[in-house]
Amino acid sequence: MKNPALSLWLSSVNGALGWWGGHAANAVRRQQCAALTEMLKPAAGGLSKPKRRRRRRTTTKRKAV
């Protein structure tokens, strides 16, 4: 005999476990990427792009023509 309440409950639990599993896998992937970046930082040395200099904004307003 089928039990619709149990089926509904199992379906919701399966969805919740899938959601949590996806978030856990994403956290692991993020940590691995951060560890790899940190590990390769000294090896890269001066290969990274130079920092961009910001241009100062002028405070004078243009005259309306």
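Residues numbered from 1 in each chain as written. Predicted model: local features only at pLDDT ≥ 70, side-chain atom pairs only at ≥ 80, totals over all residues. Heavy atoms only, no water.

(A) Region of the structure containing the overall build of the protein. Per the secondary structure count, the protein includes 1 helix and 0 strands. Within the protein, buried positions represent 0% of all 65 residues. Surface accessibility of the protein: about 7,500 Å² in total, with carbon and sulfur atoms responsible for 60%. (Helix = DSSP H or I, 4+ residues; strand = E, 2+ residues; numbered from the N terminus. Buried < 20%, exposed > 50% of the residue type's maximum accessible area, 1.4 Å probe, protein only. Areas by Shrake-Rupley, 256 points an atom, 1.4 Å probe, with all protein chains shown as cover.)

(B) Structural context of the packing of aromatic side chains. What the rule picks out here adds up to 1 aromatic pair. Ring plane angle 85 degrees and centroid distance 4.8 Å describe the contact between W19 and W20, whose orientation is recorded as edge-to-face. Take W19: its relative accessible area is 47%, and that puts it in the partly exposed class. (Phe/Tyr/Trp six-rings, centres within 6.5 Å; stacked < 30°, edge-to-face > 60°.)

(C) Here's a closer look at a nonpolar patch on the surface. On the surface, L6, W9 and L10 cluster together into a nonpolar patch covering about 330 Å² of accessible area. Looking at the element boundaries, L6 is found in helix α1 (residues 4–44). (Patch = residues over 30% accessible without salt bridge, like charges linked within 9 Å, V, L, I, M, F, W, Y side chains within 5 Å. Salt bridge = Lys/Arg side-chain N within 4 Å of Asp/Glu carboxyl O.)

None of this, on its own, says anything about what the molecule does.
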